[in-house]
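Remarks on the overall topology
For reference, the chains in residue letters:
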Amino acid sequence: MSADQDYLRLGSNPKVIKVLESKGHNFPHKEVLLFSYVVTKINRKGKEQPRVLVITDKAIYNLLKDSYSCKRRIAIQSVGSLTASLASE
């Protein structure tokens, strides 16, 4: 992935930078934002929730769309695969 897949241009957003600094693993190097996009999360009750998906070189982040607060951080090492769908299933 290249930095041009930061579709939401969050690499320079102060709120997102603060999340990456506080939640991320920045030793020995800071996390590098590789991808950002608005996605729709389907919760357990079947309700759609807009989220911002951020992928760095070290983790995947699930952020709230309006405030960019972190709902979840998943280390890249623990991810087996990632799939995308244009349709709700």
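Residues numbered from 1 in each chain as written. Predicted model: local features only at pLDDT ≥ 70, side-chain atom pairs only at ≥ 80, totals over all residues. Heavy atoms only, no water.

**Observations regarding the environment of Ile-76**
Its location among the elements puts Ile-76 in the segment after strand E4 (70-75). Relative accessible area serves as the criterion here: at 32%, Ile-76 is assigned to the partly exposed category. C-alpha separation for the pair Ile-76 and Asp-57, spaced 19 residues apart in sequence, amounts to 7.5 Å. Among all residues touching Ile-76, those that are not within four sequence positions of it are Ile-55, Thr-56, Asp-57, Lys-58, Ala-59 and Ile-60. (Helix = DSSP H or I, 4+ residues; strand = E, 2+ residues; numbered from the N terminus. Buried < 20%, exposed > 50% of the residue type's maximum accessible area, 1.4 Å probe, protein only. Contact = heavy atoms within 4.5 Å.)

**Things to note about the nonpolar core**
In terms of nonpolar packing, the biggest core is built from 11 residues, these being Leu-10, Val-16, Val-19, Leu-20, Leu-33, Val-52, Val-54, Ala-59, Tyr-61, Leu-63 and Tyr-68. Listed by contribution, the elements that provide at least two residues to this core are helix H1 (14-23), strand E2 (48-56) and strand E3 (59-64). Filtering out sequence-adjacent residues up to four positions away, Tyr-61 remains in contact with Val-19, Leu-20, Lys-23, Gly-24, Glu-31, Val-52, Leu-53, Val-54, Thr-56, Cys-70, Arg-72 and Arg-73. (Core = buried A, V, L, I, M, F, W, Y, C linked by side-chain atoms within 4.5 Å.)

**Quick look at the sheet that holds strand E1 (residues 33-42)**
One open sheet accounts for 4 strands, arranged E1-E2-E3-E4; its pairing is antiparallel. Of all strands in the sheet, those bounded by a partner on one side alone are E1 and E4. In this sheet, adjacent strand axes meet at a mean angle of 20° when their direction is disregarded. One ladder, built from 5 bridges, connects E3 with E4; its direction is antiparallel. Bridge pairing links Leu-63 to Cys-70 in E4. (Pairing = 2+ DSSP bridges. Axes fitted to C-alpha atoms, helices over the stretch in contact; angles between N-to-C directions.)

**Here's the deal with the pattern of salt bridges**
Proximity of charged atoms lets side chains of opposite charge pair with each other. Tallied over the full model, the rule gives 2 salt bridges. Between Lys-30 and Glu-21 there is a salt bridge; the shortest N-O distance is 3.8 Å. You can call Lys-30 exposed: its relative accessible area is 54%. On the accessibility criterion, Glu-21 (45% relative accessible area) is partly exposed. Here Glu-31 and Arg-73 are joined by a salt bridge, their closest N and O atoms 2.9 Å apart. (Salt bridge = Lys/Arg side-chain N within 4 Å of Asp/Glu carboxyl O.)

**Points about the pairing of E1**
As defined by bridge partners, E1 adjoins E2 across 9 bridges and the pair is classed as antiparallel. In the sheet register, Thr-40 faces E2, and the bridge partner there is Pro-50. Joining the antiparallel neighbours E1 and E2 is a turn of 5 residues, in which Gly-46 adopts a positive phi near 85°.

**Quick notes on the confidence of the model for the protein chain**
Across the protein chain, the average pLDDT comes to 91, with 94% of residues at 70 or higher. E1 is the least confidently modelled element of the protein chain, averaging 93 in pLDDT, while E3 averages 97, the highest of any element. (pLDDT = per-residue confidence, 0-100.)

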